[in-house]
Amino acid sequence: MCYESSCSAAMLGRAAISSGVTAHKISRTVTLFCNDTPTSSATSIPGSGSAQQPKPLLLLLPWLGSRPQAVSKYCDIYFRTGFDVLMVESEVSLFLWPRWGLEYGARLLDILESERFSQRPLLVHAFSIGGYTFTQLMIHMAQDRQRYQGLTQRIHGQIYDSLVMGSVERMAVGLGKTIVPRFEGLVRRLSLLYFRTFKQQTLDYFNAAINVFWNSPVTAPALFYFCDNDALCDAEGMEEMIAYWQERGVTVQKLRWKESIHAGHLRAHPQEYLSLLDSFLHSLSIVPLKAKM
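Residues numbered from 1 in each chain as written. Predicted model: local features only at pLDDT ≥ 70, side-chain atom pairs only at ≥ 80, totals over all residues. Heavy atoms only, no water.

## Details of the overall build of the protein chain
From N to C terminus, the protein chain includes 12 helices and eight strands. A total of 293 residues make up the protein chain; the buried ones form 52% of that total. Counting contacts in the protein chain only where the partners sit at least 6 residues apart, residues at least 24 apart contribute 75% of the total. When the accessible surface of the protein chain is totalled, it reaches about 13600 Å², and 54% of it is carbon and sulfur. (Helix = DSSP H or I, 4+ residues; strand = E, 2+ residues; numbered from the N terminus. Buried < 20%, exposed > 50% of the residue type's maximum accessible area, 1.4 Å probe, protein only. Contact = heavy atoms within 4.5 Å. Areas by Shrake-Rupley, 256 points an atom, 1.4 Å probe, with all protein chains shown as cover.)

Below you can see the structure in the form of structure tokens.
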């Protein structure tokens, strides 16, 4: 028996290999996809002051239960624009017991600081619970800013798609919709009971993580995709947080729809999604001007 995340990575890896991309398994939940086409090696970036720069690396954090066919669409976008992709998958256990999530975050930071990646410019693209996973990295970066200063400075941009935002009830709704959709109501009620029973080990951690995200040590330009009809996201709360980031001096772009699909905005609104993403990426000077999506 294999976990959903591991199976997805393996299936995505086979698809990638067939399209000129090689997959390298770093751990059970972390896979590196290297774009081996001739035009995707070290590139000349406008304004970099150097003829050649290390190839940029996308840190991709998919949503819980993501299907390889869906994730591959995002990978293809970044392959075409000159990125390698480091896919980091999330698991329910890391969310239900946040201390494990923090340990996972520390291991991910070790990977990003390893010799293989230590010079690579980074872009973060997190979906839904993937944003929670990236927050675990933020917590460590906030606790030791001096140690992680170099890593923080290598992050040129951050993209959040369908970020879970709001009360613990919204978190429980998210678990119900992703773990066992047929028993969504039961899972939601059990989740709420669990969170309240283990408040010190869960809710207190969540609240601390939320505070770190609002005051993130990562101040690179940000892009948010969200919608009004998402049961997992409080759109007004998202607007409030975006305004707070802007007050802190973070450059933020956003695209808010009245109706869309949680972690499915690209499928529901492809032209708007890609147009803003293309504009955002080129504003970061992390990809060649001629790169196309």
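Read on, since the account is not over.
## Things to note about the environment of Ala208
Secondary-structure assignment places Ala208 in helix 9 (residues 203–214). With a relative accessible area of 40%, Ala208 lands in the partly exposed category. On a C-alpha basis, the gap between Ala208 and Ile139 in space is 8.7 Å, while along the polypeptide they are 69 residues apart.

## Brief notes about the pattern of salt bridges
Summed over the entire model, instances satisfying the criterion amount to eight salt bridges. Across the pair Asp84 and Lys55 runs a salt bridge whose closest N-O atoms are separated by 2.8 Å. Here the residue Asp84 occupies a position in strand 4 (residues 84–88), and Lys55 occupies one in the loop between strand 2 (30–35) and strand 3 (57–61), the gap between them amounting to 29 residues. Of the two residues, Asp84 and Lys55, both sit in the buried class. Residue Asp228 pairs with Arg256 through a salt bridge whose shortest N-O separation is 2.6 Å. Here Asp228 is found in the loop between strand 7 (222–227) and helix 10 (235–247), whereas its partner Arg256 is found in strand 8 (residues 252–257), with 28 residues between them in sequence. A relative accessible area of 35% places Asp228 in the partly exposed class. Within the structure, one salt-bridge network assembled from shared partners comprises Asp228, Glu236, Glu239, Lys254 and Arg256. (Salt bridge = Lys/Arg side-chain N within 4 Å of Asp/Glu carboxyl O.)

## Quick word on the nonpolar core
Side chains of nonpolar character tend, in soluble globular proteins, to be buried together. Of all hydrophobic cores here, the largest spans 46 residues; its most connected members are Leu86, Phe134, Met141, Tyr160, Phe224, Met238 and Trp245. Counting residues per element, this core draws most heavily on helix 4 (residues 98–112), which supplies six residues. For Phe224, the residues in contact, after removing those within four places along its chain, are Tyr160, Leu163, Met238, Met241, Ile242, Trp245, Val252, Gln253, Lys254 and Leu255. Judged by nonpolar contacts, the second largest core, of 32 residues, contains Phe33, Leu58, Ala263 and Tyr273. (Core = buried A, V, L, I, M, F, W, Y, C linked by side-chain atoms within 4.5 Å.)

## A look at the sheet that holds strand 8
Ordered by their spatial adjacency, eight strands build an open sheet running 1-2-4-3-5-6-7-8, and the pairing between neighbours is mixed. This sheet does not close on itself; its edge strands, each paired only once, are strand 1 (21–25) and strand 8. Neighbour-to-neighbour, the strand axes of the sheet open up by a mean angle of 15°, direction not taken into account. Where strand 3 and strand 4 come together, four bridges link them in parallel fashion. Residue pairing for strand 4: Leu58 is matched across the bridge by Val85. Helix 5 (residues 129–143) rests against strand 3, strand 5 (122–127) and strand 6 (155–161) of the sheet, and its axis sits at about 135° to strand 5. Sitting on the sheet, helix 12 (residues 270–283) is in contact with strand 5, strand 6, strand 7 and strand 8, with an inclination near 175° to strand 8. (Pairing = 2+ DSSP bridges. Axes fitted to C-alpha atoms, helices over the stretch in contact; angles between N-to-C directions.)

## Focus on the side chain of Asn35
Within the fold, Asn35 resides in strand 2. You can call Asn35 buried: its relative accessible area is 5%. Within the structure, Asn35 has its side chain in polar contact with the backbone oxygen of Phe79 (distance 2.8 Å). (Polar contact = N/O pair within 3.5 Å; in protein donor to acceptor, adjacent residues only side chain to side chain.)

## What to know about the confidence of the model for the protein chain
When pLDDT drops low, the exact placement of atoms in the prediction is not to be read closely. When pLDDT is averaged across the protein chain, the result is 84; 73% of the residues are at 70 or more. Under a pLDDT of 50 for its full length, residues 1–7 has, in the predicted model, 12 contacts with residues more than four places off or in other chains. (pLDDT = per-residue confidence, 0-100.)

## A closer look at the packing of helix 2 (residues 68–80) against helix 12
For the pair helix 2 and helix 12, interaxial distance at closest approach is 12 Å and the crossing angle is 40°. Taken together, the axis directions place helix 2 and helix 12 in an arrangement best described as oblique. Crossing of helix 2 over helix 12 shows right-handed handedness. Residues Tyr74, Ile77 and Tyr78 of helix 2 pack against Tyr273, Leu274, Leu277 and Leu281 of helix 12. Of the residues in the contact of helix 2 with helix 12, the class split is seven nonpolar, no polar and no charged. (Parallel < 35°, antiparallel > 145°, perpendicular 65-115°, else oblique. Left-handed = near helix turned anticlockwise from the far one by under 90°. Nonpolar A, V, L, I, M, F, W, Y, C, P; charged D, E, K, R; others polar.)

## Examining the packing of helix 4 against helix 5
One way to put it is that helix 4 packs onto helix 5 with a least axis distance of 8 Å and a crossing angle of 75°. Classed by the angle they form, the pair helix 4 and helix 5 counts as roughly perpendicular. Listed contacts from helix 5 to Pro98, Gly101, Leu102, Tyr104, Gly105, Ala106, Leu108, Leu109 and Leu112 of helix 4 are Tyr132, Thr133, Gln136, Leu137, Ile139, His140 and Met141. Tallied by class, residues from the contact of helix 4 with helix 5 come to 11 nonpolar, five polar and no charged.

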